Structures are given as C-alpha cells and as structure tokens.
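Topology and contacts: notes
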Amino acid sequence: MIITSEQVSNGHPDKICDQISDAVLTVCLEQDKNSRVAVETLIKDNHIVVAGEMKTTALFDLKTVVRNVVKPLGMENIIVTNLIGLQSDDISQGVDTGGAGDQGMMYGYATDETDECLPLPYVLATRVLENLMELQHPLLGKDAKAQVSYDYDNKRITTFLVSIQHSDEMTIENLRVIVKESMIKVAKQYKQNLDFNVLVNPTGRFVLGGSYADAGVTGRKIIADTYGGFAHHGGGAFSGKDPSKVDRSGAYMARKIAKDIVREGYAKRCEVQLAYAIGVAEPVSIHVETFGTSNYTSKQLVGMIRERYDLTPKGIIKELDLLNVDYTQSTCFGHFTKPILPWEQ
C-alpha cells in the first residue's frame, strides 16, 4: 500500500494569501480581543485584493500589513485593493450569545507513527520544504512543492519529489544536488531508507514562480494545512478567521482531542468529527473513528470526550487561549506541525 502526501512552501501563491489573511486577523486580535474577522485574499502578479467582513475597534493600515507579509518574499510595488466590510448583524447576534459563527463539520486526526502524531509522508514533505527555506540559498526561490510516496507494507519511501523555484543562474544539475541533500537529511532524521526515487523539478526550468506564475487565493491548501490527505476535512479553511468561527477553532480542538487519545494510549490512530449549528453553542454531534486500533468503542470515547472537554466555542477559545495566538505562526507548513501552538501541546 503506497500513499502519497504533499506540502507547499510559504512562497506558494495560495500560501501568500493565507499569510496575508492571518496577518490581518492577528493585528485585529492584538488590539481588540473581541474582533470578529473573516477575510480572504486574492493575488495575481503584484495585485492583491483583501475582501471579507469584520467587526473590530483595531486601527491599522492594510497596505502596511500586506507589505510586511510579501516583502520578505521579494515582492515590491504592490497594489492593494480593500474590499473589507462590516460583519452582518445576522451573524454577530448568534456569536455574541456564545453560539457557533457558522454551521459545519470539523475533523481532527492523530497517529502514533511520528512524534508529531502526524502521517509520516506528510511530515517528510513538510520538513524538506522547511529545510530548503532555512537554507536561504541565494539562487533558490520561495515557491515550492514537495510530495512523498510511502510504502506502508514495506515501511519505506518510494518516491521523493520536490519542485522549487530557482534563479536563472542555477543549473538544474546543481539544483538537484542541493535538493537531494535536503531530502536525505530529512529521511535520515526520521530513520528512513535513502534509496528512494528522486524527482527534482521534473519539467526542468522553474524560474518564474509565486503570483507571477499563478494566481493565489486564501483557503485553497486546506489538505496541506491539515493531514496531507490522510483524514477527512470538513471543507472550511482556517486562515483569516477569528476563533469564533468553528471552521478554525473546532478543527483545532478536534485535533487536540485526537492527539490526546493517541498520546494517552486509547488508540494508535484516531479521527474525531465535531459538527455545529450556527448560533448554537454545543456541538450537534461528535464521532470518533479509531480504525480498529482501540480497545474502546466509539460510544465510550465520545462519552469520555463529552465529560472531559468544553466544546462550546467559548470553551474551546478559553481552553486553547485562542485570543492570544499569533496566527501568522500557524499559517505555513501545516497548522499541526509546530509544538509552540497551544492545540499541539
């Protein structure tokens, strides 16, 4: 059984948009903990549109927030269009009384196959991109994708793929040497085989990247944000949403619950589903799947969850301290890969 997972870098156009949306959210919460924010970003070339709705007393210059995100990525002379409006009173009336900001279902997942409690191929794809970005090589660009195919029957990497933007001065031969070194470093870190099939920029040239090669939109990398395709996803994106939106806070709590179940030995793999109705505080349903790896029934685990966790939006926000999070730290390389984030502790 060979399963493949992928990750994208911080310079991918969709991830640029996620970073902008989360930067707007973070600046609002820094000034006003009661901020209600739901913003999305679109980018093409140097044109950036930030749209959505919010209710906040925070004061900031949107272009400055955007510039602070894109300047480290090498973008200058940006054109920012502000299409942010006021949050609908119809939505806020349900949230203000403690209810969920929207209906929907959220999933959390954990597995004991890595210390991160995440699927191994997803972790490998994530770590190789982090490693390449940390190199800060002057001839490597910021736009990249990684993909890892893993044979679970024989417990080995079969194919390691990276496509990464590069300078016109970089030869494909030198590029492949640099990237392969990062692949091997990460494989060794996770005690994996080194005789995998190596694919680096299979089409060859990748000089034009980022928003100049493709458009980007907030929320298009939800699988890379979560579990790399190993678990269900409720469909709602995370970035740009304050924690009253259960698309975000509910997914974070579901991940914490699944991780707690695995770390405490109740199961080796676990997927938790939470579902909410707009304006209603308690979840309308909870479901647990342990894929035959637990001695406990789903009903028993759901009972434990209901006793142990406050799953109202206010309860989740308090438990995970979600009004004091720098959400720009969560945006890139997965929302569940960093131990500094409260839902990962």
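Remember, predicted model here, so these are calculated numbers, not experimental data. (Residues numbered from 1 in each chain as written. Predicted model: local features only at pLDDT ≥ 70, side-chain atom pairs only at ≥ 80, totals over all residues. Heavy atoms only, no water.)

**Overview of the sheet that holds strand β7 (residues 156-166)**
The four strands are arranged β1-β6-β7-β8 in an open sheet whose pairing can be described as mixed. Here the strands that pair on one side only, and so sit at the sheet edges, are β1 (2-8) and β8 (197-200). Within this sheet the neighbouring strands show an average axis-to-axis angle of 15°, counted without direction. Two elements, strand β6 (residues 140-151) and β7, share nine bridges in a ladder whose sense is antiparallel. Among the inter-strand pairings, L140 is bridged to a residue of β7, identified as H166. (Pairing = 2+ DSSP bridges. Helix = DSSP H or I, 4+ residues; strand = E, 2+ residues; numbered from the N terminus. Axes fitted to C-alpha atoms, helices over the stretch in contact; angles between N-to-C directions.)

**Let's talk about the packing of aromatic side chains**
Per the stated rule, a full pass over the model turns up 11 aromatic pairs. Taken together, a centroid distance of 5.7 Å and an interplanar angle of 65° make the contact between Y109 and Y227 edge-to-face. Of this pair, Y109 sits in strand β5 (residues 104-111) while Y227 sits in the loop between α6 (222-225) and α7 (246-263), placing them 118 residues apart in sequence. Each member of the pair Y109 and Y227 is classed as buried. Considering the side-chain rings of F160 and F196, the 5.4 Å spacing of their centres and the 55° angle between planes classify their relative orientation as tilted. Of the two residues, F160 is situated in strand β7 and F196 in the loop between α5 (172-189) and β8; the sequence distance between them amounts to 36 residues. With respect to class, F160 is no different from F196; both count as buried. (Phe/Tyr/Trp six-rings, centres within 6.5 Å; stacked < 30°, edge-to-face > 60°. Buried < 20%, exposed > 50% of the residue type's maximum accessible area, 1.4 Å probe, protein only.)

**Brief notes about the UniProt feature "domain: S-adenosylmethionine synthetase C-terminal" (unreviewed entry) in the protein chain**
Residues annotated in UniProt with the feature "domain: S-adenosylmethionine synthetase C-terminal" (unreviewed entry) correspond here to residues 208-345. With 30% helix and 11% strand, the stretch residues 208-345 has end C-alpha atoms that lie 39 Å from each other. (UniProt positions renumbered as here; feature names shortened; annotations may be inferred.)

**What to know about the layout of surface pockets**
Approximately 470 Å³ is the volume found for the largest pocket. N10, Q19, T328, Q329 and C332 are the residues nearest the centre of the largest pocket, which is lined by 19 residues in total. Counting residues per element, the ones that place at least two in the lining of the largest pocket are α1 (13-31), α2 (62-70) and α4 (120-135). Of the residues forming the lining of the largest pocket, the biggest block, four residues, is contributed by α1. Here the residues of the lining of the largest pocket sort into seven nonpolar, eight polar and four charged. The calculated volume of the second largest pocket comes to roughly 260 Å³. As for the second largest pocket, its lining consists of 16 residues, of which L73, G74, M75, Q165 and G209 are closest to the centre. If you tally residues by element for the lining of the second largest pocket, the top one is β6, at three residues. In terms of residue class, the lining of the second largest pocket is built from seven nonpolar, seven polar and two charged. (1 Å grid on protein atoms, 1.4 Å probe; cavity = no way out; pocket = protein on both sides within 12 Å on 5 of 7 lines; lining within 4 Å. Points joined across faces, edges and corners; volume = space filled by probe spheres on them. Nonpolar A, V, L, I, M, F, W, Y, C, P; charged D, E, K, R; others polar.)

**Considering the packing of α7 against helix α9 (residues 313-320)**
Direction vectors running N to C along α7 and α9 enclose 60°, while the axes themselves pass 10 Å from each other. Between α7 and α9, the angle falls in the class oblique. Two packed elements cross with a definite hand, and for α7 against α9 that hand is left-handed. Across the interface between the two elements, V246, S249, G250, Y252, M253 and K256 of α7 pack against P313, I316, E319 and L320 of α9. Taken together, the residues of the contact of α7 with α9 break down into six nonpolar, two polar and two charged. (Parallel < 35°, antiparallel > 145°, perpendicular 65-115°, else oblique. Left-handed = near helix turned anticlockwise from the far one by under 90°. Contact = heavy atoms within 4.5 Å.)

**Examining the pairing of β8**
Sheet topology note: the β7/β8 ladder contains four bridges and is parallel. Considered in β8, the bridge of L161 is made with L199. Chirality of the crossover, the property in question, places the unit of β7, α5 and β8 among those that are right-handed. (Right-handed = clockwise from strand over helix to strand, strands pointing away.)

**Here we look at empty space enclosed by the protein**
A full pass over the atoms with the stated rule returns one cavity of 30 Å³ or more. Lining the largest cavity are 14 residues, with Y107, H233, G234, F238 and A251 positioned closest to its centre. Counting residues per element, the ones that place at least two in the lining of the largest cavity are β5 and α7. It is β5 that contributes the most residues to the lining of the largest cavity, three residues altogether.

**Regarding the nonpolar core**
Within the largest apolar cluster, 96 residues are counted, with the highest numbers of intra-cluster contacts made by V70, I164, V272, I305, L311, L322 and W343. Excluding anything up to four places from it in sequence, I164 contacts L132, M133, L140, G141, D143, A144, L175, V179, N201 and F206. (Core = buried A, V, L, I, M, F, W, Y, C linked by side-chain atoms within 4.5 Å.)

**Thoughts on the sheet that holds β5**
Taken in spatial order, the three strands of this open sheet run β5-β10-β11, and their pairing is antiparallel. Looking at strand neighbours, the two that pair on one side only are β5 and β11 (285-289), the edges of this open sheet. Sheet twist, expressed as the mean angle between neighbouring strand axes with direction ignored, is 15°. As paired elements, strand β10 (residues 269-276) and β11 share five bridges and run antiparallel to each other. Among the inter-strand pairings, Q273 is bridged to a residue of β11, identified as H287.

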